[in-house]
Amino acid sequence: MRRLMGSPRWLVAMGMMLALTLTVAVGLIGQEAAPPSRLPRLRGRCQVCHRTETVEWLQSAHAKAWTSDAFIATTDNRTRKECLHCHAPDRILVTGFGKEPSLRNESLEHGVDCVACHEDAHGAHHGTLGTVTDKHPTVKNERFGTVEQCATCHAKFGTVDEFKGTKWASDPKSCVTCHMPATKRPIALDSPERPAHVHTFKGADPEMFRKGVKVETKVNGDRLTVRLTSVEVGHNFPTGIDTIVAVVDVQIVSDGKVIAKHQTLLADDRERGGSDTRLKPGETREIVVPLQGAKGEAVIRILHKPLRDLPDEKATVLFETKVPVP
Ligand code: HEC
Ligand code: HEC
Ligand code: HEC
Ligand code: HEC
Ligand code: HEC
């Protein structure tokens, strides 16, 4: 250390090299070709042989379940005991589907990791393919990927009850059908192509939203109507714990200035003495915005917030469109 401090030029050179290495590393992440050394070391070292699944899972909310800002904020920096076990769970195949998991004691930062979903008490990995390998034991389990599995953690805040009333409930695998799109590819290093499932678990995301909710807008005289129809969402929009809200945000812009703003909250306010204004499966909702003579352009956005007091700038923009207001 002393020697380093004595040679500043060398330090600068080191720093530049480090910066370069970091740039290269960042450039590679997100591609299937990311070398295993750049992927985090997961419990069970799945990343060594299942790179594609690992790179996808890293982009998912499951990977951030322990580290998300909203989770840290709502749990007093992860000290509220009753909140921790689903956000860094141990193996649900040990505690059993349908029973709340237990909090594990290692690699908490990886949230809902591969082992939490796939590994049983004997170190075997469950799936539905029936592959055989000398790398680890596997178990063909027909209950794997059913609503029952997802319900282990997703039932508590209502998503599964909401789902049960829909036309998708007759298919016991429909959480997976909508959230883990089917594909064909090798599922491990040197494996042949097999039926497989994308592991990004996209949820509150613009592409998912466009598939799930139809948005129509119309200007008629002195009012703008925004009509939302839930066409392919197997539960309420939004769903989950009641800190999660969506906002229909309308701004009237004239000569580059916002001259009017109108917001509608879609939220479960029942615990707050209010009502549940989330969009139900199949429901059509019309939001009417009075224009009061304003002229210019209406900017319509659908925002998603994991925390209701999150400023609009930090929300996920699920949808945006502009319509002229003549
Ligand atoms: C040393 C390499 C290696 C490691 C490490 C590894 N796997 Fe595998 N895994 C394989 C191979 C090879 C197959 C079989 C591929 C084939 O036949 O197409 C497989 C198959 C599977 C399957 C398919 C089961 C079925 O339905 O047939 C699952 C699920 C799985 N692994 C999960 C995991 C998880 C989770 C981890 C980490 C805890 C892990 N694996 C670690 C190599 C590995
Ligand atoms: C062991 C608990 C657990 C299981 C099992 C589980 N999840 Fe999750 N899931 C979570 C947690 C916790 C979050 C919230 C993560 C966060 O804090 O953002 C989540 C978030 C999600 C999201 C939200 C993504 C987003 O961007 O908003 C989707 C979609 C999802 N899970 C789908 C599934 C599906 C499908 C299954 C069944 C195959 C499943 N989950 C099984 C715990 C689980
Ligand atoms: C929230 C639970 C969950 C997590 C977390 C999860 N998986 Fe999966 N995984 C599934 C489900 C569900 C399937 C599909 C089961 C089926 O065939 O319907 C699956 C399938 C697989 C398969 C078989 C091929 C395929 O895509 O269908 C492999 C291999 C696999 N997962 C590896 C991993 C690895 C590696 C990780 C971590 C990087 C991981 N999984 C994280 C739930 C999970
Ligand atoms: C018919 C397709 C479909 C089915 C079935 C479905 N979902 Fe979704 N899900 C969506 C769409 C579309 C979105 C994006 C809109 C949204 O955020 O609600 C979504 C969003 C989510 C989210 C993100 C949170 C949020 O704020 O809305 C979670 C978590 C989730 N789904 C879990 C599940 C679980 C668990 C199941 C099974 C019980 C399930 N989904 C069944 C289509 C589906
Ligand atoms: C039974 C399992 C379970 C327990 C216990 C649990 N959560 Fe979650 N949590 C989830 C699931 C599943 C989601 C994903 C819900 C969704 O997006 O629809 C989630 C999502 C969240 C989110 C929003 C996503 C984000 O950005 O992280 C917050 C915040 C959150 N939980 C906080 C808490 C708090 C606070 C508690 C304790 C009061 C708690 N959780 C207890 C399963 C659980």
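In this report, the structure presented in the accompanying data block is examined. Because the structure is a prediction, the values reported are computed rather than measured.

Some thoughts on the site of ligand 1
As a structural note, the neighbourhood of ligand 1 is formed by 25 residues, with Gly44, Cys46, Cys49, Gly127 and Ser191 the closest of them. Secondary structure elements with two or more residues in the shell around ligand 1: α6 (114-118) and β1 (125-127). Residues of the shell around ligand 1, tallied by class, amount to nine nonpolar, 12 polar and four charged.

Side note on the sheet that holds strand β5 (residues 213-220)
Spatially, three strands are ordered β5-β6-β9 in an open sheet, and the strand pairing comes out antiparallel. The open sheet is flanked by β5 and β9 (284-290), the only strands paired with a single partner. Geometrically, the sheet is characterised by an average inter-axis angle of 15° between neighbouring strands, direction not taken into account. Where β5 and strand β6 (residues 223-230) come together, eight bridges link them in antiparallel fashion. Within β6, the position partnered with Asn220 by the bridge is Arg223.

Side note on helix α7 (residues 147-154)
All buried positions along α7 are accounted for by Val147, Gln149, Cys150, Thr152 and Cys153. As for α7, its buried residues are in contact with α5 (92-95), α8 (159-164) and α9 (174-179).

Some details on the site of ligand 4
Around ligand 4, a shell composed of 26 residues is seen, among which Cys175, Cys178, Gly203, Gly212 and Gly234 lie nearest. Elements with a contribution of two residues or more to the shell around ligand 4: α7, α8, α9 and α10 (206-212). Counted by class, the shell around ligand 4 contains 14 nonpolar, 10 polar and two charged residues.

A few points about the sheet that holds strand β8 (residues 257-266)
Strands in a sheet are paired, the pairing made by backbone hydrogen bonds, and the direction either parallel or antiparallel. Judged by pairing direction, the sheet is antiparallel, and its four strands sit side by side in the order β8-β7-β10-β11 without closing on themselves. Of all strands in the sheet, those bounded by a partner on one side alone are β8 and β11 (316-325). With direction set aside, neighbouring strand axes in the sheet form an average angle of 15°. Bridging between strand β10 (residues 296-305) and β11 involves nine bridges; their strand directions are antiparallel. Across the sheet, residue Ile302 finds its bridge partner in β11, namely Phe319.

What counts, and at which threshold
- Residues numbered from 1 in each chain as written.
- Chains lettered and ligands numbered in written order.
- Predicted model: local features only at pLDDT ≥ 70, side-chain atom pairs only at ≥ 80, totals over all residues.
- Near = placed C-beta within 6 Å.
- Helix = DSSP H or I, 4+ residues; strand = E, 2+ residues; numbered from the N terminus.
- Nonpolar A, V, L, I, M, F, W, Y, C, P; charged D, E, K, R; others polar.
- Pairing = 2+ DSSP bridges.
- Axes fitted to C-alpha atoms, helices over the stretch in contact; angles between N-to-C directions.
- Buried ≥ 20, exposed ≤ 12 C-beta atoms within 10 Å, placed from the backbone.
- Contact = placed C-beta atoms within 7 Å.

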